[in-house]
Amino acid sequence: MTLNRRDFVSGVGWAAVATAGARTAIAQQAAHSAVASAAAAPAAVVNYADWAVVKEQFRLDPRWLHLSQFFMVSHPRPVRAAIERLRDKLDANPFATVEQGMGFGDQPGTETYPAKVEQAAARYLGGQPDEVALTDSTTQGLALVYNGLSLRPGDEILTTTHDHYVHHEAIRFAAERSGASSRRIALYDAPAAASADEMAERLRAAIRPHTRIVGLTWVHSCSGVKVPVRAMADVIAQANRNRDEHDHVLMVLDGAHGFGNQPEAAAGLGCDFIAMSGHKWIFAPRGTGLLWAPARNWPLLRPTIPTFYAPEPFQAWEDGTPPGPTRAAWVSPGGFKAYEHQWAMTEAFEFHGHIGRERAAARIAALNTQCKEGLARIPGVSVLTPMAASLSAGIICFEVRGQTPQQTVSRLLQHKVIASSSPYKVSYARLAPSLVNDEREVDAAVRAVREIA
Ligand SMILES: Cc1ncc(COP(=O)(O)O)c(C=O)c1O
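Attention in this report is confined to the structure presented alongside it. (Residues numbered from 1 in each chain as written. Predicted model: local features only at pLDDT ≥ 70, side-chain atom pairs only at ≥ 80, totals over all residues. Heavy atoms only, no water.)

Looking at the state of the cysteines
A complete count under the given rule lists 0 disulfides for this structure. For the unlinked cysteine cysteine 222, the closest cysteine sulfur is that of cysteine 397, found at 6.9 Å. (Disulfide = S-S within 2.5 Å.)

See the structure below:
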């Protein structure tokens, strides 16, 4: 008798408690009703063309002005409904729902919940379902990439001074383990004066013969600067023109704050790996993320965490044969999850699909421009983030003369405005208007800053 994946995940086996026929009937019924009820969920009868309707989808406490939505998501109504439906299924029959929903039976299919998430994500980011791994966060995605790429002593990871702690730590771990070195460069000196040409030029000048990875961040949460990712990818492509294939520089992007607030499809940016959060601008459930790479790059990664999302690695464990080149699904970390959250990612991509990627980006840019212009008119307030929408995306860093960022944030809290301070060595106060806000709220936040300034 050979083990199948069901035996692997269930241990004692469903067979011990049910006859084969009954087991199949129960599992099929649970799976059918789970998938059918998700599919039968009320679709786009809601008029998302109206921004007030989009805003109404969130159950945010109306006593506060929520201008830090980029930090951690509030679930919109369709995502909440999907989570509740899935939670009910899981509570009613966790075994059958997980076994069938994950395709742990003998014939894992394309109708599993993870497959549906991958399809919805691929539609949104412009790639293919088999180019997507499901993660818990941007942090996890970055760790899987840096830990999974093979680096040798003498190789260099080039990154910038503007990246998040989790990116620099993932690089440090990989460098220490492999003997590779790492180096950070500044892409700009003053964020407000950042320019796309200068960022590309500084990167071009910094790449050395032994540079193997360039780690960048789409939107800097330390400054609000948006990096011209396509132009940076072109610089790297140029550096690769005269290199052997195995010496190619790979571009790794932290997409936490561009994914969900930019008009471009992430898969078209020219990156080699993009780690993204579900639980920020995408409005997917908390504790979700994605890792995307073009099909040609997955074989470069060695999985870090055993997967539950593809049968081959488990089958190889049975047979003792190595599973061959890595596929995206093998990189999706296994271990049982809060599946009602992971599987409800589909509804978040559908929600964005109804709104439209470009429309959402234009709305966020308009609210941010309104906010930046309002702040810039207040005496004693300096806006650090560039004014141009081409160089910024959803996050506004500012300073109030004579106040620390923490003082600004706590004084704004007294005015019922939820701002944040950036968790970096040089910290600024931040406001981040998004689809949960409207023009009136942005005006009210600017008025509050005027009062505390
Ligand atoms: C630039 C950047 N990268 C990564 C993260 C971490 O995101 P996640 O919670 O998805 O790991 C953050 C947190 O806000 C961030 O600002």
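Right, picking up where we left off after that structure.
Topic: empty space enclosed by the protein
Taken as a whole, this structure holds 1 cavity of 30 Å³ or more when the rule is applied. Computed from the structure, the largest cavity encloses a volume of approximately 40 Å³. Lining the largest cavity, in full, are Tyr124, Leu125, Trp218, Gly258, Phe259, Gly260, Gln262, Glu264, Ala265, Ala266 and Arg357. By residue class, the composition of the lining of the largest cavity is 6 nonpolar, 3 polar and 2 charged. (1 Å grid on protein atoms, 1.4 Å probe; cavity = no way out; pocket = protein on both sides within 12 Å on 5 of 7 lines; lining within 4 Å. Points joined across faces, edges and corners; volume = space filled by probe spheres on them. Nonpolar A, V, L, I, M, F, W, Y, C, P; charged D, E, K, R; others polar.)

Thoughts on the site of the ligand
Close to the ligand lie 13 residues, the nearest being Thr139, Ser221, Asp254, His257 and Ser277. Between the ligand and lysine 280 there is a distance of 2.8 Å, counted from an oxygen atom to a side-chain nitrogen or oxygen. Taking 400 Å² as the accessible area of the ligand by itself, protein coverage stands at 87%. Among the residues forming the shell around the ligand, the class breakdown is 2 nonpolar, 9 polar and 2 charged. (Near = heavy atom within 4 Å. Polar contact = N/O pair within 3.5 Å; in protein donor to acceptor, adjacent residues only side chain to side chain. Areas by Shrake-Rupley, 256 points an atom, 1.4 Å probe, with all protein chains shown as cover.)

Some points on the sheet that holds strand S13 (residues 429-431)
Adjacent strands of a sheet pair through backbone hydrogen bonds, lying either parallel or antiparallel. Strand order in the open sheet made by the 4 strands is S9-S10-S13-S12, with antiparallel pairing throughout. Strands at the two margins of the open sheet, each flanked by one partner only, are strand S9 (381-383) and strand S12 (420-421). Relative to S13, strand S10 (residues 396-400) runs antiparallel, the two sharing 3 bridges. Paired with phenylalanine 398 across the strands is alanine 429, a residue of S13. (Pairing = 2+ DSSP bridges. Helix = DSSP H or I, 4+ residues; strand = E, 2+ residues; numbered from the N terminus.)

Re the packing of aromatic side chains
Per the stated rule, a full pass over the model turns up 15 aromatic pairs. Centroid distance phenylalanine 283 to phenylalanine 351: 6.0 Å. Interplanar angle 65 degrees. Geometry classified as edge-to-face. Placement of the pair is phenylalanine 283 in the loop between strand S7 (273-277) and strand S8 (289-292) and phenylalanine 351 in helix H14 (residues 345-355), with a sequence separation of 68 residues. A single burial state applies to phenylalanine 283 and to phenylalanine 351, both of which are buried. Of the aromatic side chains, those joined through ring pairs into one cluster are Phe104, Tyr113, Phe308, Phe336, Tyr339 and Trp343. The positively charged end of arginine 359 is found above the aromatic ring belonging to tryptophan 51, 4.1 Å away from the centroid. (Phe/Tyr/Trp six-rings, centres within 6.5 Å; stacked < 30°, edge-to-face > 60°. Buried < 20%, exposed > 50% of the residue type's maximum accessible area, 1.4 Å probe, protein only. Lys NZ or Arg CZ within 6 Å of the ring centre and 35° of its normal.)

Concerning the sheet that holds strand S5 (residues 211-217)
Here we have 7 strands laid out as an open sheet, ordered S2-S8-S7-S6-S5-S3-S4, and mixed in their pairing. Here the strands that pair on one side only, and so sit at the sheet edges, are strand S2 (132-135) and strand S4 (181-185). Here the strands of the sheet are splayed against their neighbours by 20 degrees on average, with no regard to which way each runs. Both S2 and S8 contribute to a ladder of 4 bridges, which runs antiparallel. Within the sheet, the bridge partner assigned to threonine 135 lies in S8 and is glycine 289. Across the face of the sheet, helix H6 (residues 113-125) comes into contact with S2, S7 and S8 while running at roughly 115 degrees to S2. (Axes fitted to C-alpha atoms, helices over the stretch in contact; angles between N-to-C directions. Contact = heavy atoms within 4.5 Å.)

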